[in-house]
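# Structural overview
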Amino acid sequence: MPGSLLWAVDVYGRVFSLCATGGRYKRSKDVLLELKRVTAAEQCCWGIGCDHQVYLNVLPSDVPIRHQEETYENQRWNPVEGYTDTLLPTDRWQWTDESGQKPQPLHSFHLPSDNWEWEGDWFVDDESCGRESTATGGWEYAVDFPATFTKEKKWNSCVRRRRWLRYRRYKARGSWAKVPLDRGQPPPEPFTDISCGGWDISDSPEKRICLWAVSQQGKVWFRTGVQQQNPEGTAWEHVAVPREVSQISVGPGDLLWAVLWDGQLLVRTGINKDCPTGASWMTVDPPSKVGAIHVAVGINVVWVVTKDNKVWFRRGVNSHNSSGLGWISIGGEMVMISVGPNDQVWGVGSEDRTVYFRHGVTPTEVTGKAWVPVCAQLDRGHTTNRPSDGCLFSGQLTGPSQGSVLSCDDSDVPRQHIPKITSDSFISALVADRSVPLEGSTTTPNPNPLEVDQEVLKEGAEEDSAPAQAPVLPSSQPNGGELPWSNVDLEEMKAAPASTAQSSVATYPMELEAIVEQEEGPPWAWITGGGCEIDSSSSISWLETTEEGLLSPTITPALSAAGVQERAPREKEKTMEKSVSVRKGVMCWWRDWQPQQWEEVGVTLEQVRGGGTSRDDILYIFYTHNEERKYLYAVIREVTALVPVFWKSLYALAVYTAERTRQRWPILLATESHQDFENWLSLLSKSCCESRALRDPPSKQAMWAITSKGDIMVHDPSPSLEAPAQYLPCDQMFWRQVPGHLLCVESNSLGVVWGIGYDHTAWVYTGGCRGNQAQGEINQHSLTDVRNVYIYENQRWNPVTGYTDKGLPTDRYMWSDALGLKECTKENTRPPTPQWTWVSDWAIDFSTPGGTDKEGWQYAADFPVTFHGYKTMKDFVRRRRWVRKCKITLMGPWQKVTPILLIDVTILPCLAQSSLEQVPVWAISEKGDVLCRLGVNAHNPAGSSWLHVGTDQPFKSICIGGGHQVWAIARDGAVFYRGSVSSQNPAGECWYHIPSPPRQTLRQVSVGRTSVYAVDENSNLWYRQGLMPSYPQGSTWELISSNVCRVSVGPLDQVWIIADKVPGFPSESSGTVCHRLGVRPMQPKGLSWDFGIGGGWEHLSVRGNSTEAQRAAPCSPRPSRNQAQVNGNAAGY
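Bear in mind that the values here come from a model prediction, so they are computed numbers and not experimental data.

Attention shifts here to the overall build of the protein. Within the protein one finds seven helices and 71 strands. In the protein, which comprises 1133 residues, the share counted as buried stands at 55%. Sequence separation of at least 24 residues holds for 60% of the intrachain contacts in the protein that already meet a minimum separation of 6. Roughly 50,500 Å² of accessible area belongs to the protein as shown, and the carbon and sulfur atoms make up 50% of that amount.

Here it is as structure tokens:
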């Protein structure tokens, strides 16, 4: 930073530099030089003069700039004279380059310009540091010229060569020198714009610099050979463009943008270290209809100024995506912008022509916070001569000279005149500071000393309400005071007639005493921060970073820079300005094409804040395929779920969108560190919630789900989710995560949510969700869960040794998972994720489904068939299951319900407007007992105590529906209905047996308002027909669908399931959320399925979703108390 310089050009063509450690603008020593535009690198600055030529200023340094010239002297041996300059006709020239293809005699080397000088004469390159060696003389020998040369002379060395060197030194450091024209080539067209960059493309120590220029005809030129040791470069190379270009900008890397005359934008693609000029152009639409006028490029940022002086920022710009994705409006009005080497932003105000710095730009906050005026003053030691104190100065505003900036028809000016300058800092140089009025001066124009263009005065009076007849302002307070306001309109100033050398436009008598004390910077025309490497944390004396110095995005920067204390009311209003922040990292990405594998990629989350509009964050993934840089992205507002998964020791995250849900292939990202995974998951979850304006915990009508990993997901439904005409597709549902780990969860529309862990512990939800602001304000509780990890020991029988672990080549692994597809030994089996810890050792599991013998073995004829717990003569294989417990501890919004362990729970579904003093909650204990929870309500969701409901056998599934209908399934598959359940009699009176579907064993039941659905052991979904208020048990079972793992029926009779597989996607894992479409009062069975997110989902509850208006349907059925009307047998309870 100590050597960082900010270069600027004022409207008169004068060049100034401002050091980061200084506090004043220093004018260039070349007082006669007038430049239009400048561009800077670390040690160099280029400029376009008013003669349209390129000028170069290399900063002074103790290290000289030296360039090495080399040529090779070649000789051939002959028997008479030995080695001589006489070569064969087929040989190379006597003096050539190293390859011998180009003749290079010593006299052909010339200095490229007068800015260079020779350092000594030619000398032989040898080990003797410039002095000819007496031993070898610097010669290298070879059999012939195309062969390899060596220092050693051999008997067959017929040719030799040696290298001659000469150095030239750049002597024009610290001053502006004209870049010479290319020798032997026609001069290019006059230049109008120039930009440098590209020094970060290559890691070469030569530090190449890409210098681009635009000519008056709209052509683009590239300067070859520009580097630290050759700042002038070699030659101009024309780069074809589709249309005429007006302005160009290149960043430190491989980004290059250009502005066309019609306001469109061009992006150069294919720029790399091997091809610095790029391959092709890509057109980008401007941010507004008025078109772009100026573009500034940084490392990964692009800023644009439109013709109405509005500032815009380009989203998604990266070396993988040089064109970006969209525009963000930034506050302030500028005529041009410059981006520094670390993406710091500078600008020139459109009204006051003051230099501004974008405060708050960091690697994460790429757009910064506000514009800060640069408060540096001119260095008086380098300013123009001033008259002595007390002298009256009659300044003359003359017509612009041929080389003046004001006369140049620059491409960055949207109109044919420059913007008006109305700041008091500039007017103070033209208007007297309360000086004593001159004798004879009045408020009317004086025709003798003043020659005023009446059109200028007339227009100034119309626009600024200033009397046209008062160009000379008398002062009534000779001792100072507030400066009078005046407007000087430069747009109508015309050049003098050819017969007059200098024709005055206006002459203003004024005193300079006050002006010298209050002198500020001149009106600026151009600025470049390419050589000014600072950051927002740097302490710079000439940057106002206080709250008073920060400009509101709604005001024009002119008023702050001018020091005006009183601002209009609209200027005081602070509005939320849009800003862009980025979070970058490196993650592993699962490539979803052959060969499918994990690949290290760059990940960037770009977040947009402010502006009063909805968030529009984007997640970018940058990768390389076949040495070509590519990217893919996901708009956060389109992300439907972030599902944590664990994949082969990696912490993975599945990113779903509606499109990828339909394709059944989410974006998989992974990290090796759990801390990095949690940070990214929390950041993305928060961004998803903010993009959808979800700042509160889940609503009472939320839908709950559990993944196969035990993660809790929740969806806040909208009224359109169950709309009969235009429903919300399942793949567009947004799921967010709730901290915790459960096996199943149930809810109702009053906000009562119960869950059961893998260890059968009951939990009650207390509020909160990952990614919302309320999460940090709620009470977090410690949640623990214990689950079993199973592996299988497999054996095959043979006649000699009996059962042994030596299987056939086609058999499964002798230690495997349940399906035998994966080898799982005791040593290599790990807990589900590193968050889990072992709490027991491996032990034989005697509770394996299907039964076991006394040693835990199950037998079968072969591995793919069904196993049983006893041995027969036909059983040639056997297996036994080993179990080990692991434990996880989390913090989440869940309260433990003790002391009874549960395997199933159900809550009465009701409408949102319902008011219940006590919410019925039924459950089944781990032993199979049926329980009813008392004292449950919205304020006390945990309830107070359990009420045991008697049964004659253990149960495994239970559900309560509308009208207090209670259905349950015993462990043997028998179906029961509980009669006489009501709010006054919460436990009911007796059980009624309901016949099961023919030859099927049911495993789970769900009851809605008027519908009953059940799932059997073969994954078939059944619907109970004939339910009526007078006949609540129904008549028969009707098969609806197969491929169903679990069903949930809501308070509106909506039907949702967890499907086993999605048709057409056999490779997807089990567990997909599906919605039954077409469910109506007259069509309770629905018509078809809408497949949503999956797989890997195990549980779903829609029993709290009552967001749709209540349908005109029959009242909810209530169980009959007349046993003669009941279809079934009384169980005696």
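Membership of the largest hydrophobic core comes to 35 residues, with the highest contact counts inside it found for Trp7, Tyr25, Trp176, Trp346 and Val374. It is strand β1 (residues 5-10) that contributes the most residues to this core, five residues altogether. If near-sequence neighbours (up to four positions away) are discounted, Val374 is found in contact with Leu18, Tyr25, Trp346, Val355, Tyr356, Phe357, Trp542 and Leu543. Among the nonpolar cores identified, the runner-up in size contains 25 residues, and Ile621, Ile667, Trp680 and Leu683 belong to it.

Within the secondary structure, Cys744 is located in strand β43 (residues 744-747). For Cys744, a relative accessible area of 7% corresponds to the buried category. It is 8.5 Å that separates the C-alpha atoms of Cys744 and Tyr758, two residues lying 14 residues apart in sequence. Every residue in contact with Cys744, bar those within four places of it in the chain, is listed here: Ile706, Trp754, Gly755, Ile756 and His1099.

What follows covers the side chain of Asp811. Position of Asp811 relative to the elements: it lies in the loop between β47 (802-804) and β48 (815-816). One polar contact links Asp811 to Arg796, side chain to side chain, over a distance of 2.5 Å. In this structure the side chain of Asp811 is engaged in a polar contact, spanning 2.8 Å, whose partner is the backbone nitrogen of Leu808. Contact partners of Asp811, with chain neighbours within four places excluded, come to Arg796 and Phe863.

The end-to-end C-alpha distance of helix α7 (residues 674-691), which contains 18 residues, comes to 25 Å, matching closely the 26 Å that a straight helix rising 1.5 Å per residue would cover. Two or three places before Gln675, at the opening of α7, Ser673 has a side-chain oxygen 3.3 Å from that residue's backbone nitrogen. Looking one or two places after α7, you find Ala693, whose phi comes out positive at around 60 degrees.

In this section: the packing of aromatic side chains. Per the stated rule, a full pass over the model turns up 41 aromatic pairs. Across from the ring centre of Trp882, 3.5 Å away, lies the NZ or CZ of Lys826, which sits over that ring. Residue placement shows Arg879 over the ring face of Phe867; its charged tip is 4.3 Å from the ring centre.

Here the focus is the sheet that holds strand β70 (residues 1097-1101). Spatial strand order, β42-β41-β40-β70: four strands in an open sheet with antiparallel pairing. Two strands lie at the open edges of the sheet, namely β42 (736-738) and β70, each paired on one side alone. Averaged over all pairs of adjacent strands, the angle between strand axes in this sheet comes to 30 degrees, irrespective of strand direction. Summarising the sheet, strand β40 (residues 703-707) and strand β41 (residues 712-715) pair through four bridges and their orientation is antiparallel. The residue of β41 that forms the bridge with Trp704 is Val714.

This part takes up the pairing of strand β59 (residues 965-970). Regular strands have side chains that alternate between both faces of the sheet. For β59, the buried fraction is high: six of the six residues fall into the buried class. Here β59 shows no split at all, with Gln965, Trp967 and Ile969 on one side and Val966, Ala968 and Ala970 on the other all buried. Looking at chain direction, strand β58 (residues 955-961) and β59 are connected through six bridges and run antiparallel. Across the sheet, Gly961 pairs through a bridge with Gln965, a residue of β59. Counted along the chain from β58 to the antiparallel partner β59, the turn is three residues long, and its residue Gly963 has a positive phi close to 70 degrees. Note: β59 against strand β60 (residues 975-979), four bridges, orientation antiparallel. The partner of Ala968 across the bridge, within β60, is Phe976.

Take Thr192: it is sitting in strand β14 (residues 191-197). Not counting residues within four places of it along the chain, the set of residues in contact with Thr192 comprises Arg37, Ile48, His52, Val214, Ser215, Gln216 and Ser246.

Reading across the sheet, the four strands line up as β66-β67-β68-β69 and stay open at both edges, with antiparallel pairing between neighbours. Pairing within the sheet leaves two strands with one partner each, and these edge strands are β66 (1044-1049) and β69 (1088-1094). When strand polarity is set aside, the average angle formed by the axes of neighbouring strands in this sheet is 25 degrees.

Now for the pattern of salt bridges. Evaluated as defined, the whole model comprises 34 salt bridges. A salt bridge links Arg161 to Glu140; the shortest N-O distance between them is 3.1 Å. You can see Arg161 sitting in strand β12 (residues 159-170) and its partner Glu140 sitting in strand β11 (residues 140-142), a full 21 residues away along the chain. In this structure, Glu1038 engages Lys1085 in a salt bridge whose closest nitrogen and oxygen atoms are separated by 2.9 Å. Of this pair, Glu1038 sits in strand β65 (residues 1037-1041) while Lys1085 sits in the loop between β68 (1072-1077) and β69, placing them 47 residues apart in sequence. Since its relative accessible area comes to 21%, Lys1085 is described here as partly exposed. Residues joined by salt bridges that share partners form a network here, namely Arg66, Glu117, Glu119 and Arg169.

This part takes up the environment of Gln953. By the element assignment, Gln953 lies in the loop between β57 (945-949) and β58. Measuring from C-alpha to C-alpha, the distance between Gln953 and Asp929 comes to 8.1 Å, with 24 residues separating the pair along the chain. In this structure, Gln953 is in contact with Gly928, Ala970, Asp972, Ala974 and Phe976, ignoring residues within four places of it in sequence.

Quick look at the state of the cysteines now. Considering all chains together, one arrives at zero disulfides under this definition. Note on Cys688: no disulfide assigned, nearest cysteine sulfur contributed by Cys689 at a separation of 6.8 Å.

Thresholds applied
- Residues numbered from 1 in each chain as written.
- Predicted model: local features only at pLDDT ≥ 70, side-chain atom pairs only at ≥ 80, totals over all residues.
- Heavy atoms only, no water.
- Helix = DSSP H or I, 4+ residues; strand = E, 2+ residues; numbered from the N terminus.
- Buried < 20%, exposed > 50% of the residue type's maximum accessible area, 1.4 Å probe, protein only.
- Contact = heavy atoms within 4.5 Å.
- Areas by Shrake-Rupley, 256 points an atom, 1.4 Å probe, with all protein chains shown as cover.
- Core = buried A, V, L, I, M, F, W, Y, C linked by side-chain atoms within 4.5 Å.
- Polar contact = N/O pair within 3.5 Å; in protein donor to acceptor, adjacent residues only side chain to side chain.
- Expected span 1.5 Å × (residues − 1).
- Phe/Tyr/Trp six-rings, centres within 6.5 Å; stacked < 30°, edge-to-face > 60°.
- Lys NZ or Arg CZ within 6 Å of the ring centre and 35° of its normal.
- Pairing = 2+ DSSP bridges.
- Axes fitted to C-alpha atoms, helices over the stretch in contact; angles between N-to-C directions.
- Salt bridge = Lys/Arg side-chain N within 4 Å of Asp/Glu carboxyl O.
- Disulfide = S-S within 2.5 Å.

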